[in-house]
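In case you want the letters, here they are:
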Amino acid sequence: MTNAMKRTRRALLGALVLTTGFGMTAFAQAKYPDKPIKLIVGFAAGGPTDIVARFVGARLEKALGQPVIVENKPGGGSNIASAEAARAKPDGYTLFLGTIANATNMSVYKNLSYDTERDFIPISQLVSSPSVLVVNNDLPVKNLAELIAYAKANPGKLSYASSGAGGSPHLAGEMLKQRAGIDALHIPYKGAAPAMNDVMGGTVSMGFKTASGVTSTIQAGRLRPIAIASSTRLPQLPNVPTLEELGFKDFEVSSWSGLFAPKGTPPEIINTISKAITEIFSSPDVRKQLEGMGAIPVGSTPDEFKKYVRSEIEKWSVVAKTAKIEL
């Protein structure tokens, strides 16, 4: 074999290897997902966040053709689950259902082992559930103006319940105090249910509660709604005004949840999941079922969700710093 023939043969072999390599890469990318996907949730099974995770997970499973296994890792205000998800291999086979806690925790915890913006790629905000400011039926107020007037005329008498120190109901109460210029004692509980039970019982004056968890109680007449912490009224509570209508601009407190992936997950995988979510949330039936749970379906793009998360972190950092909340 001449030198020219050898050079030609080497060139052909190199081209074959290069072409085969590209083909194998494209094939590997096209195969995602080719095994089950784990979806980490920072709250216990049966709660609102878990219900959303399983509802969306079941439909994502059909869209992607692989099982989506929900794994509950409750504790630490979702910090345990967040830290584990942040450390996961960025290959698209571990996803994380983050919540408003991933915005508030950035400001109230001193030594987090993760950073919501640094360690995660936002994929889509899934749902939102605005909070409702409710008071005990025996409190002599029927609207926000009367509540503020009562608080100023009776310093030290009002208290508000939350599901735990540093959570969004706690920060919402502090934001109301800051914006309305009133004082109220914070009473933290271990969960939303006992917090609202004591508001109903009169042990505590008031509190913020997600609409999905309090609408039926309001409709039964067991709590008095004062205002919705949203820019728009809720269909379930059409006669309850928003805080924005009452003069408190940008007073939005929403218990949201959204899909994240660990930082470093390939863009093509993010795109695949994002397209699947868009398709899922374009279904009128899916949106109707979520609304029936008391949730507002969103289904945003990665860029939209990224901007929203940034705005939430900024908003709650101001409230936490002003109130000097640190855990």
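As the structure is a computational prediction, the values presented were derived from the model and not from experiment. (Residues numbered from 1 in each chain as written. Predicted model: local features only at pLDDT ≥ 70, side-chain atom pairs only at ≥ 80, totals over all residues. Heavy atoms only, no water.)

### Some points on the overall build of the protein
No. 1: The helix and strand inventory of the protein stands at 12 helices and 11 strands.
No. 2: For the protein, the spread of C-alpha atoms along the three principal axes comes to 105 × 40 × 30 Å.
No. 3: Counting only residues that meet the buried cut, the protein has 47% of its 327 residues in that class.
No. 4: A fraction of 75% describes how many contacts in the protein between residues 6 or more apart in sequence connect residues 24 or more apart.
No. 5: Accessible surface computed for the protein: about 15700 Å², of which carbon and sulfur atoms make up 56%. (Helix = DSSP H or I, 4+ residues; strand = E, 2+ residues; numbered from the N terminus. Buried < 20%, exposed > 50% of the residue type's maximum accessible area, 1.4 Å probe, protein only. Contact = heavy atoms within 4.5 Å. Areas by Shrake-Rupley, 256 points an atom, 1.4 Å probe, with all protein chains shown as cover.)

### Brief notes about the sheet that holds strand β6 (residues 159-162)
No. 1: Spatial strand order, β7-β6-β8-β5-β9: five strands in an open sheet with mixed pairing. What marks the edges here is a single partner per strand, and that holds for β7 (185-188) and β9 (224-229). Within this sheet the neighbouring strands show an average axis-to-axis angle of 30°, counted without direction.
No. 2: Sheet topology note: the strand β5 (residues 131-135)/β9 ladder contains five bridges and is antiparallel. Bridging across to β9, Val135 finds its partner in Arg224. (Pairing = 2+ DSSP bridges. Axes fitted to C-alpha atoms, helices over the stretch in contact; angles between N-to-C directions.)

### Thoughts on the nonpolar core
Soluble globular proteins tend to pack their nonpolar side chains together in the buried interior.
No. 1: Leu144, Leu147, Leu176, Met206 and Phe251 are the most contacted members of the largest nonpolar core, which totals 45 residues.
No. 2: Those elements giving two or more residues to this core turn out to be α3 (79-87), α4 (101-108), β5, α6 (144-153), α7 (168-180), β8 (206-210), β9 and α12 (302-323).
No. 3: In terms of residue count, the dominant contributor to this core is α12 (six residues). (Core = buried A, V, L, I, M, F, W, Y, C linked by side-chain atoms within 4.5 Å.)

### Structural notes on the environment of Tyr150
No. 1: On the secondary structure map, Tyr150 appears in helix α6.
No. 2: Placed 10 residues apart in sequence, Tyr150 and Pro140 show a C-alpha to C-alpha distance of 8.1 Å.

### Observations regarding the pairing of β7
No. 1: Here β6 runs beside β7; their pairing, made up of four bridges, is parallel. Following the sheet pairing, Tyr160 is matched in β7 by His186.
No. 2: Running through α7, the crossover from β6 to the neighbouring parallel element β7 is right-handed. (Right-handed = clockwise from strand over helix to strand, strands pointing away.)

### Considering α3
No. 1: Regarding α3, the residues found buried are Asn79, Ala81, Ser82, Ala83 and Ala85.
No. 2: Residues of α3 that are buried make contact with β1 (37-41), β3 (94-99), α4, β4 (120-128) and β10 (257-262).

### Some thoughts on the packing of aromatic side chains
No. 1: Counted by the stated rule, this structure contains 10 aromatic pairs.
No. 2: Both rings, one in Phe120 and one in Phe260, keep their centres 5.8 Å apart while their planes meet at 65°; by these two values the pair is edge-to-face. Of the two residues, Phe120 is situated in strand β4 and Phe260 in strand β10; the sequence distance between them amounts to 140 residues.
No. 3: Relative accessible area serves as the criterion here: at 2%, Phe120 is assigned to the buried category.
No. 4: Aromatic pair Trp256 and Phe305: ring centres 5.8 Å apart, planes at 90°, arrangement edge-to-face. In this pair, Trp256 sits in the loop between β9 and β10 while Phe305 sits in helix α12, placing the two residues 49 residues apart along the sequence.
No. 5: Site record: aromatic cluster; members linked through ring pairs are Phe96, Tyr114, Phe120, Trp256, Phe260, Phe305 and Tyr308.
No. 6: Between the NZ or CZ atom of Arg59 and the centre of the ring of Phe55, over which it lies, the distance is 3.7 Å. (Phe/Tyr/Trp six-rings, centres within 6.5 Å; stacked < 30°, edge-to-face > 60°. Lys NZ or Arg CZ within 6 Å of the ring centre and 35° of its normal.)

### Considerations on the side chain of Asn136
No. 1: Tracing the sequence through the fold places Asn136 in the loop between β5 and α6.
No. 2: A polar contact is formed between the side chain of Asn136 and the backbone oxygen of Met200, at a distance of 3.1 Å.
No. 3: Apart from residues no more than four positions distant in its own chain, Asn136 is found in contact with Val199, Met200, Gly201, Gly202, Val204, Ser205 and Arg224. (Polar contact = N/O pair within 3.5 Å; in protein donor to acceptor, adjacent residues only side chain to side chain.)

### Here we look at the sheet that holds strand β2 (residues 68-72)
No. 1: As summarised here, the arrangement of the six strands in space is β2-β1-β3-β10-β4-β11, forming an open sheet in which the pairing is mixed. Across the chains shown, the open sheet's two edge strands, defined by having one partner strand only, are β2 and β11 (296-297).
No. 2: Two elements, β1 and β2, share five bridges in a ladder whose sense is parallel. Bridge pairing in β2 places Val41 opposite Asn72.
No. 3: Contacting β1, β2, β3, β4 and β10, helix α2 (residues 48-64) crosses the sheet at an angle of about 160° to β2.
No. 4: The strands touched by α12 are β4 and β10; relative to β4, the strand with the most contacts, the crossing angle is about 85°.

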